[in-house]
Amino acid sequence: MQNNDTWTLGGHTFTSRFILGSGKYNLNLIRAAVEDAGAEIITLALRRVNTRKEENILDYIPEGVTLLPNTSGARNAEEAVRLARLAREMGCGDFVKVEIMHDSKYLLPDNYETIKATEILAKEGFIVMPYMYPDLNAARDMVNAGAACIMPLASPIGSNKGLATKEFIQILIDEIDLPIIVDAGIGRPSQACEAMEMGAAAIMANTAIATAGDIPAMAGAFKNAIAAGRAAYLSGLGRVLHRGASASDPLTGFLHD
Amino acid sequence: MIKVNGEMLEIAEGTTVAAFLKEHGYPDKMIAVECNGAIIPRSTWEEAILKDGDTVEVVRFVGGG
């Protein structure tokens, strides 16, 4: 079946609305996770090369998948820009997920430094995807700085706690004219589904899959949940009755009439 | 002495980036090299010479979120 419900990011068109993180996996499971997730975008990190024989993660990622390097490890805009430039030097495209944090306990992103990095990188032609704490003012600054989307966190990275910032993500979805990709903290397919029902453009998840009992099966469960949430959003959710009830059955023709 | 990925190393005078990488067994694909904060493009590895006191970073992709 052809899927016409596509979305675009920096001029590139995607069908899948599931961005998969590649951290914490046994490399042998990455390919299955990507395939079962139906993911078209995979995040990666940059680290120093250890000259001892190391496996190359790229050998485990299926052909044709868009690589999205992140700037993890950056503590300020300058370090993020440096990492982004090094990532682009690898020749895998212009995408970069800007991730700047200097708090090692909660791993919360620094919105201010992220705005600065977004501005510099967008001017250099990067497709900048800023990971941020969901704040409307900061998101607007990121839009003005040239961001290609906004990636608000649902709850702290790796916590699997779900949509703790739901109200604020909804504000971004309603007010920001770029794809909103909910990133970090989504722990269950139902939470991914809920974010999609709210109108998110896509979901990014890593720990929820990497720490699941059956990794490929969980990747598939997320894929289905994201598709269901998207279909629900496009369909228009039924209204909520705040008081009383409303019968689904006819209110006439009862046997006792 | 040069500093590579945080480690001090002796190098012979006139060592190019390409020769250094080969000598130390770095993979030849999917790495990027930075010297004193500036990227050394792959196309210049054969000519770029490492000098005493240089700080070099050699990076690659790993799994991440």
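Our structure's up above, just so we're on the same page.
Residues numbered from 1 in each chain as written. Chains lettered and ligands numbered in written order. Predicted model: local features only at pLDDT ≥ 70, side-chain atom pairs only at ≥ 80, totals over all residues. Heavy atoms only, no water.

Considering the overall build of chain B
Moving on, step 1. Assigned secondary structure in chain B consists of 1 helix and 5 strands.
Moving on, step 2. Against the 2.2 N^0.38 benchmark of 11 Å for 65 residues, chain B shows a C-alpha radius of gyration of 12 Å, consistent with a compact globule.
Moving on, step 3. Taking the principal axes of its C-alpha atoms as reference, chain B extends roughly 40 × 25 × 20 Å.
Moving on, step 4. Within chain B, residue pairs in contact and separated by at least 24 positions form 54% of the contacts whose partners lie at least 6 positions apart.
Moving on, step 5. In the structure as shown, chain B presents an accessible area of about 3500 Å², 53% of it carried by carbon and sulfur atoms.
Moving on, step 6. Both charge centroids of chain B, one from 6 positive and one from 11 negative side chains, sit 8 Å from each other. (Helix = DSSP H or I, 4+ residues; strand = E, 2+ residues; numbered from the N terminus. Rg over C-alpha atoms; globule rule 2.2 N^0.38 Å. Contact = heavy atoms within 4.5 Å. Areas by Shrake-Rupley, 256 points an atom, 1.4 Å probe, with all protein chains shown as cover. Lys, Arg positive; Asp, Glu negative; His and termini not counted. Charge placed at Lys NZ, Arg CZ, Asp CG, Glu CD.)

Thoughts on the nonpolar core
Moving on, step 1. Formed by 68 residues in total, the largest nonpolar core has its most connected members in L20, I61, I150 and V182 of chain A.
Moving on, step 2. Ranked by the residues each element gives to this core, the list is headed by helix α2 (residues 77–89) of chain A, at 7 residues.
Moving on, step 3. Beyond its immediate chain neighbours, meaning those up to four positions away, V182 of chain A contacts P152, A154, L163, I169, A195, A200, A202, I203 and M204 of chain A.
Moving on, step 4. Counting 18 residues, the second largest nonpolar core, distinct from the first, contains V49 of chain A together with L21, Y26 and I40 of chain B. (Core = buried A, V, L, I, M, F, W, Y, C linked by side-chain atoms within 4.5 Å. Buried < 20%, exposed > 50% of the residue type's maximum accessible area, 1.4 Å probe, protein only.)

Some details on a nonpolar patch on the surface
Moving on, step 1. A cluster of nonpolar side chains, contributed by Y106, L108 and Y133 of chain A, occupies part of the molecular surface with about 290 Å² of accessible area.
Moving on, step 2. Judged by its relative accessible area of 45%, Y106 of chain A is partly exposed. (Patch = residues over 30% accessible without salt bridge, like charges linked within 9 Å, V, L, I, M, F, W, Y side chains within 5 Å. Salt bridge = Lys/Arg side-chain N within 4 Å of Asp/Glu carboxyl O.)

Observations concerning the interface of chain A and chain B
Moving on, step 1. Opposite the 29 residues of chain A that make contact, chain B presents 24 residues.
Moving on, step 2. Taking both partners together, chain A and chain B bury about 2300 Å²; carbon and sulfur atoms supply 62% of that area.
Moving on, step 3. When residues of chain A are sorted by the area they lose upon contact with chain B, R48, V49 and M90 of chain A head the list and together hold 30% of the total.
Moving on, step 4. Seen at the junction of chain A and chain B, the total is 2 salt bridges.
Moving on, step 5. We note a salt bridge from R82 of chain A to E34 of chain B, for which the minimum N-O separation is 2.5 Å.
Moving on, step 6. Counting across the interface, chain A meets chain B through 13 residue pairs in polar contact (both at pLDDT 80 or more).
Moving on, step 7. At the level of secondary structure, the elements contributing two or more residues to the side of chain A that touches chain B comprise β4 (41–48) and α2 of chain A.
Moving on, step 8. Per-element accounting of the side of chain A that touches chain B gives the leading share, 6 residues, to β4 of chain A.
Moving on, step 9. Partitioning the side of chain A that touches chain B into residue classes produces 12 nonpolar, 8 polar and 9 charged.
Moving on, step 10. Here β4 of chain A runs beside strand β5 (residues 55–63) of chain B; their pairing, made up of 5 bridges, is antiparallel. Paired with A45 of chain A across the two strands is V62 of chain B, which belongs to β5 of chain B. (Buried area = accessible area lost by both parts, 1.4 Å probe. Polar contact = N/O pair within 3.5 Å; in protein donor to acceptor, adjacent residues only side chain to side chain. Nonpolar A, V, L, I, M, F, W, Y, C, P; charged D, E, K, R; others polar. Pairing = 2+ DSSP bridges.)

Quick look at the sheet that holds strand β8 (residues 151–152) of chain A
All names here are of chain A.
Moving on, step 1. Ordered by their spatial adjacency, 3 strands build an open sheet running β6-β7-β8, and the pairing between neighbours is parallel. For this open sheet the edge positions go to β6 (95–98) and β8, each flanked by a neighbour on one side alone.
Moving on, step 2. Two strands pair when backbone bridges link them, and β6 and strand β7 (residues 127–132) are joined in this way by 4 bridges, in the parallel orientation. When the sheet's bridge partners are listed, F95 is paired in β7 with I127.

A few points about helix α6 (residues 189–198) of chain A
Residues and elements named next belong to chain A.
Moving on, step 1. For α6, the tally of buried residues reaches 7 of 10 residues, placing the bulk of the element in the interior.
Moving on, step 2. Of all the residues in α6, the buried ones are P189, Q191, A192, C193, A195, M196 and M198.
Moving on, step 3. Where α6 is buried, its residues meet α5 (166–175), β9 (181–183), β10 (202–205) and α8 (215–235).
Moving on, step 4. Directly beyond the C-terminal end of α6, a positive phi value near 110 degrees is found at G199.

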